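Commentary on secondary and tertiary structure
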Amino acid sequence: MNVALGKLNTESPAGELFASARGRLPGSGAVGEARQAAFDEFTRLGLPHRRIEDWKYTDLRALLRKIAPLAPSPDKAALALASKAVKSLKIRGTQKLVLVDGVFVPQLSDVAALESGVGVHSLRETLENDRNPVRAELLRTKLASDAMIALNAAMATDGVVIGIADQAVLAKPVHIVHVSTNSGSAAFTRSLLQVGNGARATLIESFIAAAGAASYQVHDSLVLSIGNDVELEHVRLVEDAPDAANLSTAIVTVGAKARFNTFNLTSGGELSRYQATVLISGEGAHVTTNGVNLLNGRQHADTTLVLDHVVPNGESREIFRAVVDDRAHSVFQGRIIVRPDAQKTDAKMMTRALLLSDEAEADNKPELEIFADDVTCGHGATTGALDDSLLFYLRARGLSEKEAQALLIQAFVGEAIESIANDALRELAIAAARRWLAARG
Amino acid sequence: MPLLEVKDLQVRVEEREILHGLSLTVNEGEVHAIMGPNGSGKSTLSHVIAGKPGYEVTNGEILFRGDDLLEMSPDERAAKGVFLAFQYPVEIPGVATMTFLRTALNAQRKARGESEFSTPDFLKKVREVAKRLNIPQDMLRRGVNVGFSGGEKKRNEILQMALFEPSLCILDEMDSGLDIDALRIAADGVNALRSRDRAIVVITHYQRLLNYIVPDFVHVMSRGRVVKSGGKELALELEASGYAQFEDAAA
């Protein structure tokens, strides 16, 4: 833990955060330096605010105000609560990797029963392995500077580092479960998944709260490296406690002729931001990035996707749906970049928002940045209310107002869910949507 | 007690009065036809009975088995046994016809305090009714009315009618957009539902439909009122002489 103290301003709340946490942050030497550099970056940038274009609709200085202190490592009682929460998910037949308050917990995970071709290490042990020459790289990204990515790199306590071997065909999904048991503190996790050439796999991420957890913060990063000819399907479900914050980043690179199908559903949390950057760096890849926000009360959820076509013959599809009730606020930002070499790119993006109350708000910001001349690109965005004539038809057939709305909302989000190819994963997404609808009454 | 009693009904839509004191009594087992020119208020009457929002009832009442229908939400009316076959059934993409039918049927049964249908019982019932109406199974797998022809949409309405077994069926311009073959199939479906404990109200502009669904009573509407009532021969009279004579009567 040889981090130079000189640069730290412990007077600032953020500086104090890092200073008080550092004794618990794994990795020394190059890792410590990488953390310091990342923290300096965060200090320089500060919490993102509305004048930063990428954060225009999600001003963390107003919405988050401050980064909560590092969550304590879970004790026995916390692990018991976490275990209960994982069981209540009722997701069976997966290879669970459970992170509790930012700490990988092997005894709650299926580490002993991993399929062949899957290797899992904790981020902590990887960062602490002095014989690993590239361990500090795990904390670095090649992306443009972003305060929250930098903060995550500086503060990451743990996570899972998963390797899937070339040509491996997994029968069971890999399932990363983030459980929060704490109140008022923050967990910082960073996970990496490398999928070898020709492999086929599915990945589920769940974000949930144990009973009693409240006002916590989740800061997560996921780095996905997808090899050539890979088929990877990814479903991410954010069902955090109603007053929690979830600030997550996914950094994805997709190899040649790979098929990557990713779906995010955010229904929990008071404040959430999911920013995903997908770099299509191999020719002939096909990427689908769909998402759904289901929001009510005073929830604020921001899904920001960047699809970066670097090479020719890539195909990408984005379907996003937001259902916004009460005084909730949904944000969708979708940027498609087609670099000069990425000829014959075929990219489409469609975002639709459904407002269920007069005070609900949805912001859609689709952007195309096209630098190649032989491409097919398109985007569309609509915002509206439920169709009164459809509602009346359903009610005239005996459905109550809520039942009629629920059926139309399911149909509305169904278009984004339909593209999930794996039946079990699709059912998970549908079940999460139904849970939200049922909670509306 | 009559099944349906409409008494001196006055209805406004956005400041304009459409119905100016309409009265109508329908008993169980009867088939009534309501005829009239465009704009006479026929569809408004059907919408107000079904509970469509946007209509303001300024006077009068609608009783269903003696209960105040205007106090009920559209779904409560459906559960009580009121069914409106829409002139233009809506398309609902993303909602599978089977899901819709089961949700609706069970919602009505639940509201009446009856047990919900189990999936096998429900499927059996739908297949039975669909077969009778010559509705192919693939139609039931599609989204509600999505990609249906005009005739298929109307048959889907009659399928629902047969499934929900309402006591009062109101058919709003069932013949619009149908060719003669489609009309015959639809009319056969309706006739199969005629029974002693069910009333049917057929709203139509043309006498043609009444060759297939023969009414017990015919009412002529003009300018928001019933201006003449009679037996089925009144429809033939209208066919011969047109609505003009009644427009004068209503003025």
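Residues numbered from 1 in each chain as written. Chains lettered and ligands numbered in written order. Predicted model: local features only at pLDDT ≥ 70, side-chain atom pairs only at ≥ 80, totals over all residues.

Scanning chain A for helices and strands turns up nine helices and 19 strands. By the compact-globule yardstick of 22 Å for 441 residues, chain A fits well, its C-alpha radius of gyration being 21 Å. Expressed as lengths along the three principal axes of its C-alpha atoms, the size of chain A is roughly 70 × 50 × 45 Å. Out of the 441 residues in chain A, the part that is buried amounts to 54%. The long-range fraction of contacts in chain A, counting pairs at least 24 apart against all pairs at least 6 apart in sequence, stands at 82%. (Helix = DSSP H or I, 4+ residues; strand = E, 2+ residues; numbered from the N terminus. Rg over C-alpha atoms; globule rule 2.2 N^0.38 Å. Buried ≥ 20, exposed ≤ 12 C-beta atoms within 10 Å, placed from the backbone. Contact = placed C-beta atoms within 7 Å.)

Atomic detail in the predicted coordinates should be set aside for any region of low pLDDT. Averaged over chain A, the pLDDT score is 94; the fraction of residues at 70 or greater is 97%. In the model, residues 1-11 of chain A has pLDDT below 50 throughout and makes 20 contacts with residues more than four positions away in sequence or in other chains. (pLDDT = per-residue confidence, 0-100.)

Residue and element names in this part refer to chain A. Positive phi values are uncommon outside glycine, yet Ser 215 reaches one of about 50°. One can find Ser 215 in the loop between strand E7 (200-209) and strand E8 (217-226). Non-glycine residue Lys 344 carries a positive phi angle of around 60°.

What follows is about the environment of Glu 157 of chain B. All names here are of chain B. When you line up the elements, Glu 157 lands in helix H6 (residues 150-164). On the basis of neighbour counts, which here come to 24 C-beta atoms within 10 Å, the residue Glu 157 falls in the buried class. Excluding anything up to four places from it in sequence, Glu 157 contacts Ala 85, Phe 86 and Pro 89.

The subject of this paragraph is the interface of chain B and chain A. Listed as interface residues are 21 residues of chain B and, on the opposing side, 16 residues of chain A. Taken together, the elements giving at least two residues each to the side of chain B that touches chain A come down to helix H2 (74-80), strand E7 (92-96) and helix H3 (97-111) of chain B. For the side of chain B that touches chain A, the leading source of residues is H3 of chain B, giving five residues. Tallied by class, the residues present in the side of chain B that touches chain A amount to 14 nonpolar, five polar and two charged. (Nonpolar A, V, L, I, M, F, W, Y, C, P; charged D, E, K, R; others polar.)

Residues and elements named next belong to chain B. The interhelical angle for the contact between helix H4 (residues 119-132) and H6, taken along N-to-C directions, is 130°, at an axis separation of 10 Å. Considering the angle they form, H4 stands oblique to H6. Crossing angle aside, the handedness with which H4 passes H6 is right-handed. On H6, the residues touching Lys 125, Val 126, Val 129 and Ala 130 of H4 are Leu 159, Ala 162 and Leu 163. (Axes fitted to C-alpha atoms, helices over the stretch in contact; angles between N-to-C directions. Parallel < 35°, antiparallel > 145°, perpendicular 65-115°, else oblique. Left-handed = near helix turned anticlockwise from the far one by under 90°.)

This part covers the sheet that holds strand E2 (residues 16-26) of chain B. Residues and elements named next belong to chain B. A sheet is described by the order of its strands in space; here four strands give the open sequence E2-E1-E4-E5, paired in antiparallel fashion. Edge positions in the sheet fall to E2 and strand E5 (67-68), since each has one partner strand and no second. In this structure, strand E1 (residues 4-13) lies alongside strand E4 (residues 56-64), joined through seven bridges in antiparallel fashion. From the neighbouring strand, Gln 10 faces E4, where its bridge partner is Asn 59. Across the sheet, helix H1 (residues 42-50) touches E1, E2 and E4, and the angle it forms with E2 is around 70°. (Pairing = 2+ DSSP bridges.)

Another aspect to go through is the pairing of strand E11 (residues 217-222) of chain B. All names here are of chain B. When you tally the buried positions in E11, you get five out of six residues, the bulk of the element. Taken together, the four bridges between strand E3 (residues 31-35) and E11 define a ladder with parallel strand orientation. Bridge pairing in E11 links Ile 34 to His 219. Where E11 and strand E12 (residues 225-230) come together, five bridges link them in antiparallel fashion. Residue pairing in the sheet places Val 218 in a bridge with Gly 230 of E12.

Now for the sheet that holds strand E13 (residues 286-295) of chain A. Residues and elements named next belong to chain A. Spatially, 10 strands are ordered E2-E1-E5-E7-E9-E11-E13-E15-E17-E19 in an open sheet, and the strand pairing comes out mixed. Across the chains shown, the open sheet's two edge strands, defined by having one partner strand only, are strand E2 (103-104) and strand E19 (376-384). Here two bridges tie strand E1 (residues 95-100) to E2, and the two strands are oriented antiparallel to one another. Across the sheet, Leu 99 pairs through a bridge with Phe 104, a residue of E2. Sheet strands in contact with helix H4 (residues 76-88) are E1, strand E5 (174-180) and E7, and its direction is about 140° off that of E1.

For the rest of this paragraph, the subject is the confidence of the model for chain B. With 98% of its residues at a pLDDT of 70 or more, chain B has an overall mean of 93. The ipTM value of the predicted complex is 0.96, and its pTM value is 0.91.

Below, the discussion takes up the packing of helix H8 (residues 401-417) of chain A against helix H9 (residues 423-440) of chain A. Residue and element names in this part refer to chain A. Packing of H8 against H9 brings their axes to within 11 Å, and their N-to-C directions diverge by 150°. One finds that H8 runs roughly antiparallel with respect to H9. Seen along the crossing, H8 lies across H9 with a hand that is right-handed. Facing H8, whose interface residues are Lys 402, Ala 406, Ile 409, Gln 410, Val 413 and Ile 417, H9 presents Arg 426, Ala 429, Ile 430, Ala 433, Leu 437 and Arg 440.

Another aspect to go through is the environment of Ser 180 of chain A. Residue and element names in this part refer to chain A. Residue placement: Ser 180 occurs in strand E5. With 109 residues separating them along the chain, Ser 180 and Ala 71 place their C-alpha atoms 9.3 Å apart. In contact with Ser 180, other than residues within four places in its own chain, are Asp 101, Ala 187, Ala 209, Ala 210, Ala 213, Tyr 216, Val 218, Asp 240 and Ala 244.

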